[in-house]
Amino acid sequence: MKVAIYPGTFDPITYGHIDVIERAREIFDKVIVTVARNTTKRPFFSVDERVRMIKDVLRTYKKVEVSSFNGLLVDFARSKKATAIIRGLRAVSDFEYEFQMALTNRKLDNSITTVFLMPHEKYTYLNSTLVREIALFGGDLSDFVPPIVQKYLAKKVKRLRKK
Ligand code: COA
């Protein structure tokens with residue numbers, strides 16, 4: 001059984017991430033999409049909200065599990081018996097950061113290999129920061145995130161406006 005971990009902040013999950021998950025499913029027997037609890041980012045959604053949102057979005061996907069993790073990614077991967085870490089490469093600008101992370105993870109655990117997948121070119125410019133910004137200013141998000149995520153974003157923005 002070939003298990004892969006797809007880690008990220010997913011604040012929120014976008015069509016670009018989903019594209020990567022669909023490609024990973026073709027290669028691996030199980031893909032564990034996992035939300036990192038400890039990042040330097042100040043997230044819009046809590047970890048539990050993001051896990052719930054991803055589960056809602058991927059409800060019909062077979063061979064996909066959703067979770068969160070704390071600590072080192074390689075430790076989490078080992079605990080799940082995963083042999084691969086999936087990362088999306090959108091443009092050359094992703095390369096340096098991803099290269100550094102992949103080599104560091106390999107140094108930490110040589111038995112886990114990072115696999116880079118390229119999402120469809122229509123998503124190369126997309127990231128979660130842009131999605132949050134468009135949501136805050138009430139723009140159309142239909143090309144970027146699924147309707148479920150649009151609902152989560154609308155609810156969050158409404159709550160923030162009340163504060
Ligand atoms: N489509 C659209 N957007 C994508 C994308 C895709 N296919 N792939 C990445 N992105 C975007 C994300 O939306 C995110 O955008 P944002 O910065 O505007 O929020 C950005 O690219 C990168 O984010 P993400 O892929 O979520 O990665 P990350 O850099 O936030 O997360 C971790 C990195 C969590 C994997 C890493 O910090 C980690 O492993 N932490 C655990 C601790 C550890 O083990 N550290 C040592 C690692 S070397």
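Just so we're clear, the structure is a prediction, and the values are computed from it rather than from any experiment.

Turning next to a nonpolar patch on the surface. On the surface, Val-92, Phe-95, Phe-99 and Leu-103 cluster together to form a nonpolar patch covering roughly 410 Å² of accessible area. With respect to the helices and strands, the residue Leu-103 is situated in helix α4 (residues 92-108). Judged by relative accessible area, which is 36%, Leu-103 ranks as partly exposed.

Taken as a whole and assessed by the stated rule, the structure comprises six aromatic pairs. Between the aromatic rings of Tyr-6 and Phe-10, the centroid separation amounts to 5.3 Å while the plane-to-plane angle is 75°, which identifies the pairing as edge-to-face. Assessed through its relative accessible area of 4%, Tyr-6 is described here as buried. Pairing Tyr-125 with Phe-144 gives two aromatic rings, centres 6.2 Å apart and planes at 75°, and the pair type is edge-to-face. Taken as a pair, Tyr-125 in the loop between β5 (113-117) and α5 (128-136) and Phe-144 in the loop between α5 and α6 (147-162) lie far apart in primary sequence, 19 residues in all. The class for Tyr-125 is partly exposed, based on a relative accessible area of 47%.

Let's shift gears to the side chain of Asp-11. Among the secondary structure elements, Asp-11 is positioned in the loop between β1 (3-8) and α1 (15-27). Only 2.7 Å separates the side chain of Asp-11 from the backbone nitrogen of Phe-44, close enough to count as a polar contact. Those residues in contact with Asp-11, other than ones at most four positions away along the chain, are Pro-43, Phe-44, Phe-45, Arg-50, Ser-128 and Arg-132.

Below, the discussion takes up the layout of surface pockets. Taken as a whole, the largest pocket holds about 1100 Å³ of empty space. In this structure, the largest pocket is lined by 43 residues; those nearest its centre are Gly-8, Thr-9, Lys-41, Arg-87 and Tyr-97. Looking at the lining of the largest pocket, the element that brings in the most residues is α4, giving eight residues. In terms of residue class, the lining of the largest pocket is built from 19 nonpolar, 16 polar and eight charged.

Right, let's talk about the sheet that holds strand β4 (residues 84-88) for a bit. If you walk across this open sheet you meet the five strands as β3-β2-β1-β4-β5, and the pairing is parallel. Pairing within the sheet leaves two strands with one partner each, and these edge strands are β3 (64-69) and β5. Strand-to-strand, the axes of this sheet are offset by a mean angle of 30°, without reference to chain direction. Note: β4 against β5, five bridges, orientation parallel. The residue bridging Ile-86 from the neighbouring strand is Val-115, located in β5. Across the sheet, α1 lies against β1, β2 (30-36), β3, β4 and β5, angled at about 120° from β5, the strand it touches most. The sheet strands contacting helix α2 (residues 47-57) are β2 and β3, and the helix crosses β2 at an angle near 150°.

Counted under the stated rule, the structure contains 12 salt bridges. The salt bridge partner of Asp-19 is Arg-23, with a shortest N-O separation of 2.5 Å. Of the two residues, Asp-19 and Arg-23 both sit in helix α1, four residues apart, roughly one turn of that helix. We classify Arg-23 as partly exposed; its relative accessible area is 34%.

We now examine the site of the ligand. Near the ligand lie 26 residues; those nearest to it are Thr-9, Lys-41, Tyr-97, Ser-128 and Thr-129. In this structure, Leu-73 approaches the ligand through a main-chain N or O atom, which is 2.8 Å from an oxygen atom. Taking a 2 Å distance to the grid points as the criterion, the majority of the atoms of the ligand fall inside the largest pocket. The biggest single contributor to the shell around the ligand is α4, with four residues. In terms of residue class, the shell around the ligand is made up of 11 nonpolar, 11 polar and four charged.

Analysis parameters
For every chain, the first residue of its written sequence is number 1, and the numbers climb from 1 along that sequence. Residue-level local features of this predicted model are given only where pLDDT is at least 70; pairs of side-chain atoms are given and counted only at 80 or more, and the full residue set underlies all totals for whole chains, interfaces and linings. Water and hydrogen atoms were dropped before computing side-chain values, which therefore reflect all heavy atoms in the structure. Patch building starts from residues that exceed 30% relative accessible area and form no salt bridge, then joins like charges within 9 Å and nonpolar side chains (Val, Leu, Ile, Met, Phe, Trp, Tyr) within 5 Å. The Shrake-Rupley method, run with a 1.4 Å probe, gives the accessible areas here. Residue values count only the displayed protein chains as cover. The salt bridge criterion pairs a side-chain nitrogen of Lys or Arg with a carboxyl oxygen of Asp or Glu, the two atoms within 4 Å. Each helix is a run of DSSP H or I of at least 4 residues and each strand a run of E of at least 2, with the numbering of both proceeding from the N terminus. Only protein chains enter the calculation, and the probe is 1.4 Å; a residue is then buried if its accessible area is under 20% of its type maximum, exposed if over 50%, and partly exposed in between. Each pair of aromatic rings taken from Phe, Tyr and Trp, with Trp reduced to its six-membered ring, is defined by centres within 6.5 Å and is described as stacked if the planes are under 30 degrees apart, edge-to-face if over 60, and tilted in the remaining cases. Pairs of N or O atoms are called polar contacts if they sit within 3.5 Å, as long as, within protein, a hydrogen donor faces a hydrogen acceptor (for residues adjacent in sequence, only side-chain-to-side-chain pairs). The contact criterion used throughout is that any non-hydrogen atoms of two residues lie within 4.5 Å. Each cavity reported here is a set of points on a 1 Å grid over the protein atoms alone in which a 1.4 Å probe fits but cannot get out, each pocket an open set with protein on both sides within 12 Å along at least five of seven lines, and each lining residue one with an atom within 4 Å of a point. Grid points are joined across faces, edges and corners, and a volume is the space filled by probe spheres set on the points. In the scheme used here, Gly and all other residues not listed as nonpolar or charged are polar, with Ala, Val, Leu, Ile, Met, Phe, Trp, Tyr, Cys and Pro taken as nonpolar and Asp, Glu, Lys and Arg as charged. Here, any two strands with at least 2 DSSP bridges between them count as paired. Helix axes use the C-alpha atoms of the stretch in contact, all axes being lines fitted to C-alpha atoms, and the angles between their N-to-C directions lie in the range 0 to 180 degrees. For each residue, the test is whether any non-hydrogen atom lies within 4 Å of the molecule or strand; if one does, the residue is near. Whether a molecule lies in a cavity or pocket depends on its atoms, and more than half of them have to be within 2 Å of the grid points.

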